Amino acid sequence: MSKTIKKIEPVSRVKARIRLPGSKSVTHRALLMAALAQGESQIKNPLVAEDTLLTAKALEQLGAEMQWGEQIVRVIPAQKRWKEPHGPIFLGNSGTSTRLLLAVAATGTGEFLFDGSPRLRERPIGPILEALKTLGVQCQCLGQEGYPPVKIISRGLAGGEVWVDAGQSSQFLSALLIASPCARKEMRVGWHEPIASFPYVALTLSMMEEVGIEYRWSGTNRIIVPAPQPYPALKYTVEGDCSSASYFWAAAALTQGEVYTHPISPGSSQGDCRLLEVMENMGCRVQWEEEGVTVSGPERLKAVDLDMNKMPDMVPTIAVLAAFAEGHTRIRNVAHLRVKESDRLHVVAMELSKLGVPVRELPDGLEIDGGHAHTPDTGLEAHDDHRIAMAFALAGLCVKGVEIHGAESVAKSFPTFWDVFAQLQP
Ligand SMILES: O=C(O)C1=C[C@@H](OP(=O)(O)O)[C@@H](O)[C@H](O)C1
Ligand SMILES: C=C(OP(=O)(O)O)C(=O)O
């Protein structure tokens, strides 16, 4: 795909009502659970974006059928788990698709080859492969050990006790949990502390419960899933994506504006909703309604000191807010940002520097001095990372002359982002 450039114009006091695309994390999980289910499922308001389409296409290669309609997808599971795919299953740069599908594919019989973009080949999968091997699955990395491409040969999951190291990604644990009900006998899934991005595991568990899967906790780091336990056919409505909402909440925060985003509810299971609490601490006003939330920006944003381990995807958004806040912001405990779509700690520091923002890149975080941003001498680079493109577009609302190079990267999670963002511009 050729690189596109977006020029952003400064705006004061944005005012907008934003309809959010469906949640990426929820859509991935709903598609996978539907493909494992007994009978036809209906998923309303799914996210139709590069990554969720990669998950859907992979499931089709495994024999499931997807019927796409207006804001709905019907999923008809494969007649037998699974049809052996012709050729490799290509997963672009979607970490969620890759880690979750490895375990989901291993619930069936067959030989599967998973691969992706050059960047996906640098994103770790070792811990999920180790766990699958314990469950009787053969896994062979074809390039570097612990990274895609990987061939797996499975005859289903044996069940029993398995431990996973989820310190670099919660997706290893979510993968095992989603696959667990399809094992031949009870699964006891434990994880070593510390774990990264725990709210995504909580989201996995809450969706399993919502669709009718039983499980129980055993201590604080082990879950027991009775198996075999069929996934019932789903009728599921995906709520709006809180991570995508963050860019619009931040637009209100940066411009003393007011933005309403929907559909999301105060009881949302998406961990990134907690960004609103951080934004309140920065001085924003947050008002929840039953189906949406309004954020109003303060006269002056305050700096914060934060452990962002549970909200890694929100770091680029917070970093840009910090650049325009009063004082010194510290973001801690997010070393796992180095294995995302880009090395997000490095890339955020690099792009903030182009804006003249004093920033220090730490092994597991960032320090940012607010209040110094100015027009950059060159374009800002998205580094093939949707969240970098969307977060740095926000800087353009406050300083003149911001151009985002590689604007097409938003297609990964929010293909209509630039059209929706245009609603903020005069
Ligand atoms: O399970 C999920 O849906 C996700 C988990 C998180 O990844 P890590 O657990 O690797 O941090 C997050 O960054 C990603 O965007 C989505
Ligand atoms: C890290 C992300 O996604 P994934 O891990 O699925 O590639 C993201 O969307 O920010």
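Model, not experiment: these values are computed from the prediction. (Residues numbered from 1 in each chain as written. Chains lettered and ligands numbered in written order. Predicted model: local features only at pLDDT ≥ 70, side-chain atom pairs only at ≥ 80, totals over all residues. Heavy atoms only, no water.)

(A) Quick look at the overall build of the protein chain. Check the secondary structure of the protein chain and you find 12 helices and 25 strands. For the protein chain, the C-alpha radius of gyration of 21 Å lies close to 22 Å, the compact-globule estimate for 426 residues. C-alpha extents for the protein chain along the principal axes are approximately 60 × 45 × 40 Å. Residues classed as buried in the protein chain amount to 62% of the 426 residues present. By element, 47% of the accessible surface of the protein chain is carried by carbon and sulfur atoms, the whole surface being about 16,400 Å². Computed over 43 positive and 48 negative side-chain charges, the inter-centroid distance for the protein chain is 3 Å. (Helix = DSSP H or I, 4+ residues; strand = E, 2+ residues; numbered from the N terminus. Rg over C-alpha atoms; globule rule 2.2 N^0.38 Å. Buried < 20%, exposed > 50% of the residue type's maximum accessible area, 1.4 Å probe, protein only. Areas by Shrake-Rupley, 256 points an atom, 1.4 Å probe, with all protein chains shown as cover. Lys, Arg positive; Asp, Glu negative; His and termini not counted. Charge placed at Lys NZ, Arg CZ, Asp CG, Glu CD.)

(B) The arrangement of the UniProt feature "domain: Enolpyruvate transferase" (unreviewed entry) in the protein chain in detail. With numbering matched to this structure, UniProt assigns "domain: Enolpyruvate transferase" (unreviewed entry) to residues 9-420. This span, residues 9-420, is 29% helix and 24% strand, and a straight line between its end C-alpha atoms measures 14 Å. (UniProt positions renumbered as here; feature names shortened; annotations may be inferred.)

(C) Region of interest: the packing of helix α5 (residues 171-179) against helix α6 (residues 199-210). Two elements in contact, α5 and α6, have axes separated by 9 Å at closest approach and are oriented at 15 degrees. Looking at the two axes, α5 sits roughly parallel to α6. Here α5 and α6 pass one another in a crossing that is right-handed. Every residue of α6 that contacts α5 at Leu173, Ser174, Leu177 and Ile178 is listed here: Tyr200, Val201, Thr204, Leu205 and Met208. (Axes fitted to C-alpha atoms, helices over the stretch in contact; angles between N-to-C directions. Parallel < 35°, antiparallel > 145°, perpendicular 65-115°, else oblique. Left-handed = near helix turned anticlockwise from the far one by under 90°. Contact = heavy atoms within 4.5 Å.)

(D) Spatial organisation of the UniProt feature "active site" (unreviewed entry) in the protein chain. Under the present numbering, the feature "active site" (unreviewed entry) in UniProt falls on Asp313. Position of Asp313 among the secondary structure elements: in the loop between β20 (305-307) and α9 (315-323). According to the relative accessible area criterion, Asp313 is buried, its value standing at 11%. Among all residues touching Asp313, those that are not within four sequence positions of it are Tyr200, Asp272, Lys340, Arg344 and Arg387. Side-chain polar atoms of Asp313 contact the side chain of Tyr200, separated by 3.3 Å. (Polar contact = N/O pair within 3.5 Å; in protein donor to acceptor, adjacent residues only side chain to side chain.)

(E) Representation of the domain arrangement of the protein chain. Along its sequence, the protein chain is carved into domain 1 (5-21 + 240-424) and domain 2 (24-237). On a C-alpha basis, the centres of domain 1 and domain 2 stand 29 Å from each other. Contacts between the two partners involve 25 residues from domain 1 and, on the opposite side, 21 residues from domain 2. In total, about 1,900 Å² of surface goes out of reach between domain 1 and domain 2, with carbon and sulfur atoms giving 47% of it. Considering only the surface of domain 1 that becomes buried against domain 2, Ser269, Val339 and Lys412 emerge as the three largest contributors, covering 31% of it. At the boundary of domain 1 and domain 2, one finds 1 salt bridge. Asp51 is the salt-bridge partner of Lys412, the closest N and O atoms lying 2.6 Å from each other. Split by residue class, the side of domain 1 that touches domain 2 holds 7 nonpolar, 7 polar and 11 charged. (Domains from an automatic or database assignment. Buried area = accessible area lost by both parts, 1.4 Å probe. Salt bridge = Lys/Arg side-chain N within 4 Å of Asp/Glu carboxyl O. Nonpolar A, V, L, I, M, F, W, Y, C, P; charged D, E, K, R; others polar.)

(F) Main features of the sheet that holds strand β9 (residues 138-141). With mixed pairing, the 4 strands of this open sheet are ordered in space as β7-β8-β10-β9. Each edge of the open sheet carries a strand with a single partner, namely β7 (89-90) and β9. Bridge count between strand β8 (residues 109-115) and strand β10 (residues 150-155): 6 bridges; the pairing is antiparallel. Paired with Phe112 across the bridge in β10 is Ile152. (Pairing = 2+ DSSP bridges.)

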